[in-house]
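Each chain, written out:
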Amino acid sequence: MEAIKQALPLLDGMPRIFSLSDLKQAISEQESALDVALRWLEAGVIRQVAPARPIFYRVVLGEPLTDAERCAALLRTFPSVVMVAGSSLWRQGASVQKDAQLECCITEQQVDCSLPGVVLRSRPSEWWTVIRQAEGVVGNYHGVAMLTPEMAVADAAAFKDVWMPDRNGIDWTRLSTARLSVATEALAPLRMEELAE
């Protein structure tokens, strides 16, 4: 307990989202950054974003992570992360129904993530190539790429593992029928592979 108390000023000086290498730069050479991180994890003052990834966030009682902090943690942990489904629609003004959790996809099979308010889904490795070729990515939200509204709808229809607003909750006037058709067609081969499994 005494070691934790001594290390708290160091923790307070760390950014809300930090890596093991950030911690290595902040501590004296006498102590191992890994040992400090393990003590903090055991004390519950930090949490690891995902197993086997050296990215952490400070737990501050009464201060949940903001969307900007969640996005920063996701980008540092999963650089290929993409916002999908209702999360993408709402942040682009194509839905009146706000998501309860930030829904994102990665092309890795391991999707364990301990970030509160975040749901990660896995997509096949070809998915990124398909959505880029179909121009299905638009802008970003705090650095995280987002699917276009048309691609978000097509992706949700193809994989069925994400939250989408009710049909009446989508502003269909903001979607292009032609782009929705292109997106649906582009994802069709991946959908067939999904159905075959």
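Please read these numbers as outputs of a predicted model, since none were measured by experiment.

This paragraph deals with the pairing of strand E8 (residues 144-147). Across the two faces of E8 the burial is the same, with Val144 and Met146 and Ala145 and Leu147 all buried. One ladder, built from 2 bridges, connects strand E4 (residues 82-83) with E8; its direction is parallel. Note on E8: the bridge partner recorded for Val82 is Ala145. Judged from the 4 bridges that link them, strand E7 (residues 137-141) and E8 form a sheet pairing that is antiparallel. Of the residues in E8, the one forming a bridge with Tyr141 is Val144. Once E7 ends, the chain turns through 2 residues before running back antiparallel as E8, passing His142 with a positive phi of about 50 degrees.

Our next topic: the sheet that holds E4. Ordered in space as E6-E5-E4-E8-E7, the 5 strands form an open sheet in which the pairing is mixed. Every other strand in the sheet has two partners, leaving strand E6 (118-122) and E7 as the edge strands with one partner each. Of the strands in this sheet, strand E5 (102-106), E6, E7 and E8 are in contact with helix H4 (residues 67-77), which crosses E5 at around 10 degrees.

As a further point, take unusual backbone geometry. With phi around 50 degrees, His142 is a residue other than glycine that occupies positive phi space. Position of His142 relative to the elements: it lies in the loop between E7 and E8. With a phi close to 55 degrees, Lys160 is a non-glycine residue in the positive phi region.

Moving on to the confidence of the model for the chain. For the chain, per-residue confidence averages 89 on the pLDDT scale, and 92% of positions sit at 70 or higher. No element of the chain has a lower mean pLDDT than helix H1 (residues 2-12), at 63, and none a higher one than E8, at 97.

Before going further, it helps to examine the environment of Thr66. Within the element layout of this structure, Thr66 appears in the loop between strand E3 (55-58) and H4. Classification of Thr66 by relative accessible area gives partly exposed; the value is 39%. When the C-alpha atoms of Thr66 and Thr184 are compared, they prove to be 33 Å apart, with 118 residues separating the residues in sequence.

Our next topic: the side chain of Thr148. Within the element layout of this structure, Thr148 appears in the loop between E8 and helix H7 (149-159). Owing to a relative accessible area of 12%, Thr148 belongs among the buried residues under this scheme. What Thr148 contacts, discounting residues up to four positions off in sequence, is Gln92, Glu135, Gly136, Val137 and Val138.

Here the focus is the nonpolar core. Counting residues in each nonpolar core, the largest one holds 26 residues, and the members touching the most others are Val84, Trp127, Leu147 and Leu187. Broken down by secondary-structure element, the contributors of at least two residues to this core are helix H5 (85-91), helix H6 (126-133), H7 and helix H8 (177-196). A total of 7 residues in this core trace back to one element, the largest contributor, which is H7. Contact partners of Leu187, with chain neighbours within four places excluded, come to Trp127, Val130, Ile131, Met151, Ala154, Asp155 and Ala158. Counting 20 residues, the second-largest nonpolar core is a separate cluster that includes Val49, Ala50, Val144 and Met146.

The next point concerns the sheet that holds strand E2 (residues 46-48). A sheet is described by the order of its strands in space; here 3 strands give the open sequence E1-E3-E2, paired in antiparallel fashion. Looking at the sheet topology across the chains shown, the edges are occupied by strand E1 (17-19) and E2. Pairwise comparison of adjacent strand axes, ignoring direction, gives a mean angle of 30 degrees for this sheet. Helix H3 (residues 33-43) contacts E1, E2 and E3 of the sheet and is inclined by roughly 105 degrees relative to E2. Across the sheet, H4 is in contact with E1 and E3; its angle to E1 comes to roughly 20 degrees.

Assignment of secondary structure puts Arg123 in the loop between E6 and H6. With a relative accessible area of 1%, Arg123 lands in the buried category. Setting aside residues no more than four positions away along its own chain, Arg123 makes contact with Cys105, Ile106, Thr107, Asp155, Phe159, Asp161 and Val162. At a separation of 3.0 Å, a polar atom in the side chain of Arg123 contacts the side chain of Asp155. At a separation of 2.9 Å, a polar atom in the side chain of Arg123 contacts the side chain of Asp161.

Procedures and definitions
- Residues numbered from 1 in each chain as written.
- Predicted model: local features only at pLDDT ≥ 70, side-chain atom pairs only at ≥ 80, totals over all residues.
- Heavy atoms only, no water.
- Buried < 20%, exposed > 50% of the residue type's maximum accessible area, 1.4 Å probe, protein only.
- Helix = DSSP H or I, 4+ residues; strand = E, 2+ residues; numbered from the N terminus.
- Pairing = 2+ DSSP bridges.
- Contact = heavy atoms within 4.5 Å.
- Axes fitted to C-alpha atoms, helices over the stretch in contact; angles between N-to-C directions.
- pLDDT = per-residue confidence, 0-100.
- Core = buried A, V, L, I, M, F, W, Y, C linked by side-chain atoms within 4.5 Å.
- Polar contact = N/O pair within 3.5 Å; in protein donor to acceptor, adjacent residues only side chain to side chain.

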